[in-house]
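Each chain, letter by letter, is given below.
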Amino acid sequence: MKLGIASDHAGFEMKEELKRHLESEGHSVEDFGCYETESCDYPDYAQKLCKALLANTVERGVLVCGTGLGMSYAANRHKGIRAALCLNTYMAEMSRAHNDANVLVLGSRITDSDTARDILLVWMKTSFEGGRHLRRIRKIDGES
Ligand code: RB5
C-alpha cells in the first residue's frame, strides 16, 4: 500500500520509527515532514498529508503529534478525511471496520512505541465492513 506519514516535532521520533516499520513490511511511504525535532506547527503537516490523500497520491495516512489531538482537529476539517485518534487496538479495529478511517492519528506523548506499532498493525490489516456503516459515514460528509 502507498501511505503518507507526517508529524510535528513532538511526533517526529515516532513517525520515523513507524515509517521504518511500514517500509520493512513492504509498504511505500511518502513522508510529508517534519524532518527534524525543531519546534513546528502540526496543522502545516496535517494539511500536506490530507491534500495528498484527497488527491489520491497516497491511499491512507498516519499523523503523529504529542497528544494526537491537534492533528485530529486539523485533519478532520477536510471533507472526505476520517482521521481516527487511536489509543488501543480496539479503537484501531473499529475505526477501520465501522468508520473506514483513512487517517490514523497517534499521540507520541500518550502512547508508547510498542503499543503504537500494535495499533498500526491492526489498523493496516482491518477492512471496512461497508453495509450500514457506509450509510453512516456518508452522512458525516452530508451525503444523503
Ligand atoms: C506540541 O507541543 C503539541 O502541542 C502538539 O504536538 C500536539 O500535542 C497538539 O495537539
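Here the structure is a predicted model, which means the values were calculated and not measured. All residue numbers here refer to positions counted from 1 along the written sequence of the relevant chain. Side-chain atom pairs in this predicted model are given and counted only at pLDDT of 80 or more, local residue features only at pLDDT of at least 70, and totals for whole chains, interfaces and linings cover all residues. To get the side-chain values, take all heavy atoms of the structure and skip hydrogens and water.

### Structural notes on the sheet that holds strand S5 (residues 103-107)
So, step 1. In spatial order, the strands read S2-S1-S3-S5-S4; together these five strands make up an open sheet with parallel pairing. The sheet terminates laterally at strand S2 (28-31) and strand S4 (83-85), the two strands that pair on one side only. When the angles between neighbouring strand axes are averaged without regard to direction, this sheet yields 25 degrees.
So, step 2. At least two DSSP bridges between two strands are required for those strands to pair. To qualify as a helix, a DSSP run of H or I must reach at least 4 residues; to qualify as a strand, a run of E must reach at least 2; elements of each kind are numbered from the N terminus. Note that strand S1 (residues 2-7) and S2 share four bridges and pair parallel. Residue pairing across strands places Gly-4 opposite Glu-30, the latter belonging to S2.
So, step 3. Along the sheet, helix H2 (residues 42-54) makes contact with S1, strand S3 (60-65) and S5, crossing S3 at roughly 175 degrees. Note on geometry: axes are lines fitted to C-alpha atoms, helical ones only across the stretch in contact, with angles between N-to-C directions running from 0 to 180 degrees. By definition in these notes, contact holds between two residues if any of their heavy atoms fall within 4.5 Å.

### Some points on unusual backbone geometry
Negative phi characterises most residues that are not glycine, and trans characterises most peptide bonds.
So, step 1. Residues Gly-33 and Cys-34 are joined by a peptide bond in cis, for which omega reads 0 degrees.
So, step 2. Tracing the sequence through the fold places Cys-34 in the loop between S2 and H2.
So, step 3. Not every positive phi belongs to a glycine, and Asn-56 is a case in point at roughly 65 degrees.
So, step 4. Residue class for Asn-56 comes out exposed when judged on its relative accessible area of 67%.
So, step 5. A positive phi angle, near 50 degrees, is found at Asp-100, a position not held by glycine.
So, step 6. Residue position: Asp-100 is located in the loop between helix H4 (89-97) and S5. Whether a residue is buried, partly exposed or exposed follows from its accessible area with a 1.4 Å probe, protein chains only, as a fraction of its type maximum: under 20%, in between, or over 50%, in that order.

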